Amino acid sequence: MILLDNNFASIIQAIETGRLLSDNLKKVAVYLLPGGSWTQIWPVFFNLWFGMPLALSAFQATIFCMVNDVFMSLAMVTEKPERDIMARPPAIRSKDHLLNLKLLFHAYGLAGNLECFTAFFCFCYYWIDNHVPFYSFMFTFEKFGVDPVTPYSVPQLTEMTYVAQSVYYCAACLFQFFNYFATRTRYTSIIEHNPFWGKSRNWYVFPAMLISAGVQILITQVVWFNHVFLTGPVPVKYVMPALGFGAFWLLFDELRKLCIRKFPRGIIARLAWFSEQSPVSQDSKVILWPSNSKSSQEQDVHTISLDELFDRLHTNPRTGLSSSFVADARAYYGENKLTPPKPPNYILLLIQQLLSGFNSILWFAGVLAFLAWKPLGDPETASSNLALGIVIFVVIICNSILNVYQQLKSIKIVAAFSKLLPTLATVRRDGNEQQVVTDEIVP
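Worth saying up front: this structure is predicted, and the values here are computed from it rather than measured.

> Let's hear about the pairing of strand S1 (residues 424-429): which residues, and what values?
Because side chains alternate across S1, one face comprises the buried residues Ala-425, Val-427 and Arg-429, and the other comprises Leu-424, Thr-426 and Arg-428, none of which is buried. Taken together, the six bridges between S1 and strand S2 (residues 432-437) define a ladder with antiparallel strand orientation. Within S2, the position partnered with Arg-428 by the bridge is Glu-433. Taken together, S1 and the strand that follows it, S2, pair antiparallel across an intervening segment of two residues, in which Asp-430 is found at a positive phi of about 55 degrees.

> Tell me about the UniProt feature "transmembrane region" (unreviewed entry) in the protein, and name the residues and values.
With numbering aligned to this structure, UniProt lists the feature "transmembrane region" (unreviewed entry) at residues 56-78, 103-128, 162-182, 203-224, 236-252, 346-373 and 385-405. Counting secondary structure, residues 103-128 comes out at 100% helix and 0% strand; the distance between its end C-alpha atoms is 35 Å. As annotated, residues 203-224 comprises 86% helix and 0% strand, and the C-alpha atoms at either end are separated by 33 Å.

> So, the side chain of Arg-19: which residues are in play, and what are the values?
Structurally, the position occupied by Arg-19 is in helix H1 (residues 9-49). Look at Arg-19 and you get buried, because its relative accessible area is 18%.

> Tell me about the nonpolar core, and please be specific about residues and values.
With 70 residues, the main nonpolar core has Met-72, Phe-123, Trp-127, Phe-137, Tyr-168, Tyr-169 and Tyr-180 as its most contacted residues. For this core, the elements supplying multiple residues, two or more each, are H1, helix H2 (58-77), helix H3 (101-129), helix H4 (154-183), helix H5 (205-221) and helix H7 (240-262). By residue number, the principal contributor to this core is H4, which donates 18 residues. In this view, Tyr-169 contacts Leu-56, Gln-60, Ile-63, Phe-64, Asn-68, Val-215, Gln-216, Ile-219 and Thr-220; residues no more than four positions away in its chain are not counted. In terms of nonpolar packing, the next biggest core, distinct from the first, is built from 14 residues, Ile-41, Leu-54, Leu-354 and Leu-362 among them.

> Please set out the pattern of salt bridges residue by residue, giving values where relevant.
Evaluated as defined, the whole model comprises seven salt bridges. Residue Glu-79 is joined to Arg-184 by a salt bridge in which the shortest nitrogen-to-oxygen separation is 2.8 Å. Residue Glu-79 is located in the loop between H2 and H3, and its partner Arg-184 is located in the loop between H4 and H5; the two are separated by 105 residues in the primary sequence. For Glu-79, a relative accessible area of 2% corresponds to the buried category. Of the charged contacts, one joins Asp-253 and Arg-256 as a salt bridge, the two residues approaching to 2.9 Å between their closest N and O atoms. Of this pair, Asp-253 and Arg-256 both sit in helix H7, three residues apart, roughly one helical turn. Under the relative-accessibility criterion, Asp-253 is labelled buried at 1%.

So, how was this worked out
Per chain, residues are indexed from 1 in the order of the written sequence. Per-residue local features are limited, in this predicted model, to residues with pLDDT of at least 70; the limit for side-chain atom pairs, both in listing and counting, is 80 or more; totals at the level of whole chains, interfaces and linings are taken over all residues. Side-chain metrics rest on all non-hydrogen atoms present in the structure, leaving aside hydrogens and water. Categorising residues by exposure relies on relative accessible area from a 1.4 Å probe, with only protein chains included: less than 20% of the type maximum marks a residue as buried, more than 50% marks it as exposed, and the intermediate range marks it as partly exposed. Runs of H or I in DSSP of at least four residues are treated as helices and runs of E of at least two as strands, each being numbered from the N terminus. DSSP bridges decide pairing: two strands pair if at least two such bridges lie between them. UniProt positions are given in the numbering used here, feature names are shortened, and annotations may be inferred rather than shown by experiment. Definition used in this section: a nonpolar core is a set of buried Ala, Val, Leu, Ile, Met, Phe, Trp, Tyr and Cys residues joined via side-chain atoms within 4.5 Å. Whether two residues are in contact is decided by their heavy atoms, any of which lying within 4.5 Å being enough. Between Lys or Arg on one side and Asp or Glu on the other, a salt bridge is scored when a side-chain nitrogen of the former is within 4 Å of a carboxyl oxygen of the latter.

Below you can see the structure in the form of structure tokens.
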């Protein structure tokens, strides 16, 4: 965060804005991980390991990530700050990361597993309701519809698979609506921090939901999309369970937040994905200046007298700092400037993006898709596995290149902002006002 004016009141606003950005980025991660990765990777594993029909096509997975979740994530970025945002202690860079084990457990272990179960429940509900028992599509692999026999021909089962995949896709999208409202607050109730009115109002989410719902209808109900992208029309009754499971998740998360508010030091609060930035108690202290005296390490500058404050800072309003103290402070703290970052290594950045985070899992999934295409060189294997593997690899490469481009762009923006910083500052030293280079300013 770089201030472009000399108003000290802007510092408070800058701190709040920085914390809000950090909160919203974490909320976006908690929102995206259950649907954008967990719910999409398990259909591939179930298809490869348990021989069931692929529950989500590559096209639908791409639309889910690039359209449905994108608009909802943009709405999440515009969320307003919660009431305790300025009551927390400062973040510790060595401990407070964007992603941590608690956040991943919440996203994958709780929301992700329930969303994945919801989508598979609707997927299986469609098959069973159409007289295709569960055992008829589990562990069948390439013999689906042949052994065991079903009431339908292979072409009919292929068309039904397109519909079942669309059911899975729509169920995951609907569950994400509820996941959004469960994620938009850290521990505040949705009733208190509602999106309709008040300081927490966020009307951007409703157009985002309409766009997501419109895309679902477009690719599943329009005949042209059905023929070109191999989707199918979704009967409404097969996605209705997603509404029930989504409401259950929202209610469960509200109860979890209630426990955190009632028992801020309980086990549930300690397992919360934001617990590293829990509200600060009245007894908390923040160290401002290093000193041998414990009293000078407490955040009490707004309560002590001016004389005591000047004495603590080794200065006074008439003479300012002494030259000897400035020399000692400069020797202790060093120059008042940021250490310039090392020039980026483009190849290393690209390799890090290709192998970091969820991409490592996608590489594994892509290799499995190629093995499923021709594990033993069988010429009659389905080419859809080959297409899936190619799509996964293309997505990994394109996403990595885009991330590298964004990192380099951010580096250039920071470098451009550094040129806007003032080079001179007016100070009082040894009783005289003088202008010094900003590098020579000391605490």
